[in-house]
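Okay, here's what each chain looks like letter by letter:
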Amino acid sequence: MAMSYFKKALAAFAPPPKTSDDGRDQWPSRAAFLLAAMGGCAGQGNLLRYPSVVYNNYGLQWFVPYLLAVFLIAIPSLILEVSIGQAYRGGTVIAFNNINRRLKGVGLGPVLVSFVVVQYFTVNLAWIMSYFRWSFTSPLPWAGRLEQFYWEDVLHVGNITEGSLSSSGNSVESFTGYPHVKLIGETVGWSVFVWFLIWISIFRGVGMTGRVVYFTMGLPIVTTIIFVGRALSLENAREGVALLWTNWRSDQLASGTVWQTAVGQVFFSTGIGFGYFTSYASYNQKHANAVMDAILICGSNVLFENFAAFAVFGVVGYLRRWPEDGVRLGAFVVGFLTLPEAVLQMPGANFWAVLLFFTLIVLGFSSAFVMLDVVVTLICDSGLTKLSRPWVVTILTIASFLMCLPYCTEFGYYLLDGVDRWVNNVALIFVVWTEVTSSTTVYRWSDIVEQVGLPAFAVYNFGFFGGQFFGIILAHGINNPVAGVIAGVGLYIVCALIATVIARRPDTRAAKWTKFDIWNSNILVRKFWFLAFYSGNQLRRDLNVIVGVGKNWKIPSFLPILLRYISGPVLAIIFSFAYPEFHTLRYDPMMITGFILAHLTMLAIILGYAIPRYYDAMIPIERRDEGTETTTAMVTKGELGGRPIANMAERGEAPPAYDSEELSKGMDATK
């Protein structure tokens, strides 16, 4: 009897999720999905990390790379991630396997990034919990000793011995030493508490998560508005805001660092490349408005973090804590040093301190549990274990806590800074580069080969990828970006011309993008269209059959072009900036650790291309053949996309027939 009452109470507190028509768990409502996805965006990346990286790159010029990254990379990538998760009804590995079986490694990349980041993300939350505890002490203990309190009372950072390079920079004279390695008891204790909260939020699936997010998103919005208002009322706050909004330093745009930082911040704060948008979208209704959802999620994040930055820069002006050229502060430092100072200036400082740090906890917590949920979705979807979701979440939470312990030491801050820098600047950018380029290159590649031949397909893509690689290597090697661009673009053009000339004559008409039908005006132009645009365009069309139905916003025709020819090369260039930067920091073991972790993630992605069958264990047996259906050029898959074919056969269903009208159009011979 007692067990019966317990189960009823559990069901009321943490209800099991609803299921959709295909049997997959489903969000309680569209609002729950949007709030959960926005919660993944709106976190410490907005209130702590964003003001810190902006502070390090202060000036109006910051918004040039930042907004370009938002519109040219973040929004298109987010539309792709949400659409494939919703259409293919699975996490990142299942979704990219539907695009091509050799992209399972691309799907694994975001899972690994999330798993690495969530380890140190929770420790950062533990530091906030320390502030929260001290907020009940009057007077507030950081009054008059802000930096000392942060470094000594919260982080308990041990002394280090600074390493250095030789005067020429060609060799390491000495490595940085970290003699203090003791675990910090309070940080460990709060980490346990944070992991427990994460466990509570996701162990029952999206049914429980859908309730938690109303709280984790509602409160921070209200309190952030209050804090911004108070910060802007401080003396000299206008000067702090002007630091960002009225300074223009065009010379900074010549530095690769600001571009690299802007892209890394956009990815970190929006969650592009972490995999949780794909996982969460898979719990949507199959025909939800994915494009609108993606734009709402990204747009709300940009507005929130730039609005929240006023709170920090208002305090920067009040404290007259002006940035110094050449002096870089860690990714979370400015937020930790300015926001605690802000509450000291408010009447009833203890109340505001409690509210501030409670808000930061809720914001960070909403980002943390979505990252762990990506890993849970992979394991539960794959069938790797027969354990129920609660058991998977429990085991994974305990393992993750043990893995976060190195960050809870006296050298933990330095380890966090090293891992955070290279996971964002190397692994995360590489993950998104592979997503946007591979999905628009190899989707239904057999159609392209059927139309123009394998040699033309190989030569064209050698030029596309080889041009990026060769151009970047040359630019860094001779320190001449213009020469690198000319060489890279030149190689691409030469290979594209050769591929077009040697290509077979396509027996299917290209897409009609304008009333003039330019892609069918000449046989050479049509060949080029199949080589350059077919894959991405067909992915868009197939996805629109599922996510663009009825009054839903459709994926626009320019999006695949943007992903492949703008987002891809830009990410490749920004990715390359990481290596010269690491070369100047290679004397620091913590930087080396982060650099190695980032490259292990890259290796996992690359191995997926080479040995895809070894990744099959992450996909249910009945779903491994998805994406391998026989296709006809210029004909959409219809509702077949993302359906478990084996299950359809078991139920006696026949695969949906191709649309006869579309088939006749696609097979229409050229003039």
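These numbers were taken from a predicted model, which means no experiment stands behind them.

**With respect to the overall build of the chain**
A tally of helices and strands in the chain yields 27 helices and four strands. Counting contacts in the chain only where the partners sit at least 6 residues apart, residues at least 24 apart contribute 81% of the total. Approximately 26400 Å² of the chain is accessible, and the part contributed by carbon and sulfur atoms is 67%.

**Considering the pattern of salt bridges**
Overall, the coordinates contain nine salt bridges when judged by the stated rule. One salt bridge in this structure joins Arg-133 and Glu-186, with 2.8 Å as the shortest N-O distance. On the criterion of sequence distance, the pair formed by Arg-133 in helix α6 (residues 104-134) and Glu-186 in helix α8 (residues 185-202) is long-range, its members being 53 residues apart. Taken together, the salt bridges that share partners define one network made up of Arg-444, Asp-447 and Asp-542.

**Observations concerning the packing of aromatic side chains**
Tallied over the entire structure, the rule returns 46 aromatic pairs. With centroids separated by 6.0 Å and ring planes inclined at 85 degrees, the aromatic side chains of Trp-433 and Phe-465 adopt a geometry described as edge-to-face. In this pair, Trp-433 is assigned in helix α17 (residues 412-439) and Phe-465 in helix α19 (residues 454-478), connecting sequence segments 32 residues apart. Taking relative accessible area as the criterion, Phe-465 reaches 27% and is therefore assigned partly exposed. A ring pair is formed by Tyr-579 and Phe-595, whose centres lie 5.7 Å apart and whose planes are at 80 degrees; its orientation type is edge-to-face. Taken as a pair, Tyr-579 in helix α24 (residues 578-583) and Phe-595 in helix α25 (residues 589-610) lie far apart in primary sequence, 16 residues in all. Taking the ring centre of Phe-464 as reference, the NZ or CZ of Arg-564 above it sits at 4.4 Å.

**Looking at the layout of surface pockets**
Put simply, the largest pocket is a space of about 890 Å³. For the largest pocket, the lining is made up of 27 residues, of which Ile-472, Pro-481, Val-485, Pro-569 and Ile-573 are closest to its centre. The biggest single contributor to the lining of the largest pocket is α19, with seven residues. When its residues are assigned to classes, the lining of the largest pocket shows 17 nonpolar, 10 polar and no charged.

**Comments concerning unusual backbone geometry**
The peptide bond linking Ser-138 to Pro-139 adopts the cis configuration, its omega dihedral lying at 0 degrees. Looking at the secondary structure, you find Pro-139 in the loop between α6 and α7 (146-154). Although it is not a glycine, Asn-479 adopts a positive phi angle of roughly 55 degrees. A positive phi is found at Met-634, a non-glycine position, where the angle reads about 70 degrees. Inspection of the secondary structure assignment puts Met-634 in the loop between α25 and α26 (645-650).

**Regarding α8**
For α8, built from 18 residues, the straight-helix expectation of 26 Å at 1.5 Å per residue is met to within 8% by its first-to-last C-alpha distance of 26 Å. Among all positions in α8, only Thr-187, Val-188, Trp-190, Ser-191, Val-194, Trp-195, Ile-198, Ile-200, Ser-201 and Ile-202 are buried.

**Remarks on the packing of α6 against α17**
Interhelical geometry of α6 versus α17 gives an angle of 155 degrees and a closest axis separation of 10 Å. In terms of their interaxial angle, α6 and α17 are classed as roughly antiparallel. Considering how the two elements wind past one another, α6 and α17 form a crossing that is left-handed. Counting all contacts with α6, which are made through Val-106, Gly-109, Pro-110, Val-113, Val-116, Val-117, Tyr-120 and Trp-127, the residues of α17 involved are Tyr-413, Leu-416, Val-419, Asp-420, Val-423, Asn-424, Ala-427, Leu-428, Val-431, Thr-434, Glu-435 and Ser-438. Its residues assigned to classes, the contact of α6 with α17 comprises 14 nonpolar, four polar and two charged.

**Some details on the side chain of Asp-447**
By secondary structure assignment, the location of Asp-447 is in helix α18 (residues 445-452). The exposure class of Asp-447 is buried, given its relative accessible area of 1%. Polar contacts involving the side chain of Asp-447 include one to the side chain of Tyr-534, which spans 2.6 Å. Once residues lying within four places of it in the same chain are set aside, the contact partners of Asp-447 are Tyr-534, Thr-631, Thr-632 and Ala-633.

**Focus: the confidence of the model for the chain**
Of the residues in the chain, 86% have a pLDDT of 70 or more, and the chain-wide mean is 83. This model gives residues 644-671 a pLDDT under 50, and the stretch forms 50 contacts once residues within four places in sequence are excluded.

**A closer look at the environment of Thr-122**
Residue position: Thr-122 is located in helix α6. Sequence-wise, Thr-122 and Val-194 are 72 residues apart; in three dimensions their C-alpha atoms are separated by 6.6 Å. The contacts of Thr-122, once residues within four sequence positions are left out, are Val-194, Trp-195, Ile-198, Ala-368 and Cys-404. Of note is the side chain of Thr-122, whose polar atom sits 3.2 Å from the backbone oxygen of Val-118.

**As for the side chain of Ser-166**
Looking at the element boundaries, Ser-166 is found in the loop between β3 (164-165) and β4 (172-174). Only 3.4 Å separates the side chain of Ser-166 from the backbone nitrogen of Asn-170, close enough to count as a polar contact. Residues contacting Ser-166, with those up to four places away along its chain left out, are Ser-171 and Glu-173.

**Quick notes on helix α4 (residues 63-88)**
In this model α4 runs 35 Å from its N-terminal to its C-terminal C-alpha over 26 residues, within 8% of the 38 Å that 1.5 Å per residue would give. Of all bends in α4, the biggest is about 40 degrees, found at Val-70. Phi turns positive, to about 55 degrees, at Arg-89, one or two residues after α4.

**With respect to the environment of Leu-597**
Along the chain, the position of Leu-597 falls in helix α25. Looking at Leu-597, the relative accessible area reads 29%, which means it is partly exposed. Here Leu-597 is in contact with Val-116 and Val-419, once residues within four sequence places are set aside.

**Concerning a nonpolar patch on the surface**
Side chains of Ile-596, Leu-600, Leu-603, Leu-607, Ile-611 and Tyr-614 sit close together on the surface and give an oily, nonpolar patch of about 550 Å² of accessible area. Within the secondary structure layout, Tyr-614 lies in the loop between α25 and α26.

**Focus on the environment of Leu-563**
When you line up the elements, Leu-563 lands in helix α23 (residues 559-576). When the C-alpha atoms of Leu-563 and Ser-77 are compared, they prove to be 7.2 Å apart, with 486 residues separating the residues in sequence.

**Let's talk about the state of the cysteines**
Per the stated rule, a full pass over the model turns up zero disulfides. No disulfide involves Cys-408; its sulfur sits 4.3 Å from that of Cys-404, the nearest cysteine. Of the residues examined, Cys-408 reaches a relative accessible area of 0% and is grouped as buried.

**Description of the packing of α6 against helix α15 (residues 349-382)**
At a minimum axis distance of 8 Å, the contact between α6 and α15 shows a crossing angle of 155 degrees. On the basis of their axis angle, the class for α6 and α15 is roughly antiparallel. With respect to the hand of their crossing, α6 and α15 are arranged in left-handed fashion. Its residues assigned to classes, the contact of α6 with α15 shows 23 nonpolar, four polar and no charged.

Each value, and the rule that gives it
- All residue numbers refer to position in the chain's written sequence, counted from 1.
- The predicted origin of the model limits local features to residues at a pLDDT of at least 70 and limits the giving and counting of side-chain atom pairs to 80 or more, whereas totals for whole chains, interfaces and linings rest on all residues.
- Neither water nor hydrogens contribute to the side-chain values; these are computed over all heavy atoms in the structure.
- Here a helix means four or more residues in a row that DSSP labels H or I, a strand means two or more in a row labelled E, and each is numbered from the N terminus.
- Contacts: residue pairs with any heavy atoms within 4.5 Å of one another.
- Computed with a 1.4 Å probe, the accessible areas rest on the Shrake-Rupley method; for each residue, only the protein chains presented here act as cover.
- Every case where a carboxyl oxygen of Asp or Glu lies within 4 Å of a side-chain nitrogen of Lys or Arg is listed as a salt bridge.
- For this analysis, a ring pair means two rings from Phe, Tyr or Trp (six-membered ring only for Trp) whose centres lie within 6.5 Å, classed as stacked if their planes differ by under 30 degrees, edge-to-face if by over 60, and tilted for the remaining angles.
- To sort residues, take the accessible area from a 1.4 Å probe on protein chains only and compare it with the maximum for the residue type: under 20% means buried, over 50% means exposed, and anything in between is partly exposed.
- Here, over-ring charges are defined by two tests on the NZ atom of lysine or the CZ atom of arginine: distance to the ring centre within 6 Å, and angle to the ring normal within 35 degrees.
- Cavities and pockets were defined on a 1 Å grid built over protein atoms only: a cavity is a set of grid points that admits a 1.4 Å probe from which the probe cannot escape, a pocket is an open set flanked by protein on both sides within 12 Å along at least five of seven lines, and lining residues are those with an atom within 4 Å of any such point.
- Grid points are joined across faces, edges and corners, and a volume is the space filled by probe spheres set on the points.
- Residues are grouped as follows: Ala, Val, Leu, Ile, Met, Phe, Trp, Tyr, Cys and Pro are nonpolar; Asp, Glu, Lys and Arg are charged; all remaining types, including Gly, are polar.
- Under the convention used throughout, the expected extent of a helix is 1.5 Å for every residue step, that is, one less than its residue count.
- Every angle, taken between N-to-C directions, lies between 0 and 180 degrees, and every axis is a line fitted to C-alpha atoms, over only the stretch in contact when it is a helix.
- Just so you know how the angles are binned, under 35 degrees is roughly parallel, over 145 roughly antiparallel, 65 to 115 roughly perpendicular, and the rest oblique.
- For any pair of crossing helices, the crossing counts as left-handed if the nearer helix is rotated counterclockwise from the farther one by less than a right angle, and right-handed if it is rotated clockwise.
- Between N or O atoms, a polar contact is any pair within 3.5 Å; within protein, one atom must be a potential hydrogen donor and the other a potential acceptor, and residues adjacent in sequence are included only when both atoms are from side chains.
- Scored from 0 to 100, pLDDT reflects the predictor's confidence in each residue.
- One fitted axis covers the seven residues ending at a residue, a second covers the seven starting there, and the bend at that residue is the angle between these axes.
- The patches reported here contain residues having more than 30% relative accessible area and no salt bridge. Joining distances are 9 Å for like charges and 5 Å for nonpolar side chains (Val, Leu, Ile, Met, Phe, Trp, Tyr).
- Disulfide: a pair of cysteine sulfur atoms within 2.5 Å of each other.

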